[in-house]
Amino acid sequence: FLSPPDQQETSEPVAISDCALFPDFFYALKRVLSFASGNTIKGSPATEIQQITSFQVLSDLAESLGEAALSALSTIIMMAIFHINDTSNSKVDGKEASADVKEIANILVSKLDDRLGNDVVALSYSNARKLVAGKRQERRKSKAIQKLVDPEHAAKTKVKRNMKRKRSRQRMKEKGVFKKKKRVHT
């Protein structure tokens, strides 16, 4: 829990969920977590340097925040770590997270273990995993519903996606990079 700047000594600590008092802090935290997860503003993947820097910022934050505030933020911090460690969806732009990024993420986990205890960190990781899985499932459902509601738009989207893939394959062919096609054996 944090105290607002104008009431440092005089009142009770403010809950971390009271974002109105700290909008800049929460915006910055949201951006850092986004970079740590491997995303940028424009939807392009974050670079390795951006991810490493974000995890270093989170690591410093883990050392400087009080236990109550850190405990409140642990689930969203663990969401970034889950995105790095998730084997089913850890590929960003066709590449897995680098060993350096995974190493610094593990350092952050060990710092959280030291500060909060293994039980709290494990519970936070489990909650993060459930939240991410729930969001993915929700996204899949909304896409399926959209296909049923507006099949014409879904068909146009599919055609656009296939054209992008075709152009991408042509570019790769011009570069001399060939992907092997998956063959289904029946």
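This text goes with the structure placed above it.
Residues numbered from 1 in each chain as written. Predicted model: local features only at pLDDT ≥ 70, side-chain atom pairs only at ≥ 80, totals over all residues. Heavy atoms only, no water.

Asker: What's the story with the side chain of Gln51 in this structure? I'm lost.
Answerer: Looking at the secondary structure, you find Gln51 in helix H2 (residues 48-64). The contacts of Gln51, once residues within four sequence positions are left out, are Phe35, Ala36, Ser37, Gly38, Ala46, Ile84 and Val101. (Helix = DSSP H or I, 4+ residues; strand = E, 2+ residues; numbered from the N terminus. Contact = heavy atoms within 4.5 Å.)

Asker: Just to check I follow, could you spell out the packing of helix H1 (residues 23-37) against H2 for this structure?
Answerer: Each packed pair of helices is defined by two parameters, the angle between the axes and the distance between the axes. At a minimum axis separation of 7 Å, H1 and H2 run at an interaxial angle of 130 degrees. Relative to H2, the element H1 lies oblique. Between H1 and H2 lies a crossing whose hand is left-handed. When H1 is examined against H2, the residues Phe25, Leu29, Val32, Leu33, Phe35, Ala36 and Ser37 are found in contact with a partner set consisting of Gln50, Gln51, Ser54, Phe55, Val57, Leu58 and Leu61. Residue classes in the contact of H1 with H2 are distributed as ten nonpolar, four polar and no charged. (Axes fitted to C-alpha atoms, helices over the stretch in contact; angles between N-to-C directions. Parallel < 35°, antiparallel > 145°, perpendicular 65-115°, else oblique. Left-handed = near helix turned anticlockwise from the far one by under 90°. Nonpolar A, V, L, I, M, F, W, Y, C, P; charged D, E, K, R; others polar.)

Asker: Sorry if this is basic, but what is going on with the pattern of salt bridges here?
Answerer: Side chains carrying opposite charge are able to pair once their charged atoms draw close together. One pass over the structure, following the stated rule, counts two salt bridges. Notably, a salt bridge pairs Glu63 with Lys111, separated by 2.8 Å at the nearest N-O pair. In this pair, Glu63 sits in helix H2 while Lys111 sits in helix H4 (residues 99-116), placing the two residues 48 residues apart along the sequence. Classification of Lys111 by relative accessible area gives partly exposed; the value is 22%. Among the salt bridges present, the one from Glu152 reaches Lys156, with a minimum N-O distance of 4.0 Å. Residue Glu152 and its partner Lys156 are located together in helix H6 (residues 151-175), separated by four residues, close to a single helical turn. Judged by relative accessible area, Glu152 falls into the exposed class, the value being 55%. (Salt bridge = Lys/Arg side-chain N within 4 Å of Asp/Glu carboxyl O. Buried < 20%, exposed > 50% of the residue type's maximum accessible area, 1.4 Å probe, protein only.)

Asker: For this particular structure, what's the right way to read a positive patch on the surface?
Answerer: Taken together, Lys135, Arg139, Arg140, Lys143, Lys147, Lys158, Arg161, Arg165, Lys166 and Arg169 make up a surface patch of like positive charges. Secondary structure elements with two or more residues in the positive patch: helix H5 (118-149) and H6. (Patch = residues over 30% accessible without salt bridge, like charges linked within 9 Å, V, L, I, M, F, W, Y side chains within 5 Å. Areas by Shrake-Rupley, 256 points an atom, 1.4 Å probe, with all protein chains shown as cover. Lys, Arg positive; Asp, Glu negative; His and termini not counted. Charge placed at Lys NZ, Arg CZ, Asp CG, Glu CD.)

Asker: Would you mind going over the environment of Val101 with me for this structure?
Answerer: For Val101, the location among the structural elements is in helix H4. Among the residues examined, Val101 registers a relative accessible area of 0% and is labelled buried. Residues Val101 and Ile49, 52 residues apart in the sequence, show an inter-C-alpha distance of 8.6 Å. Ignoring sequence-local partners within four residues, the contact set of Val101 consists of Glu48, Gln51, Ile52, Phe55 and Ile84.

Geometric descriptors of this kind do not, in isolation, establish any biological role.
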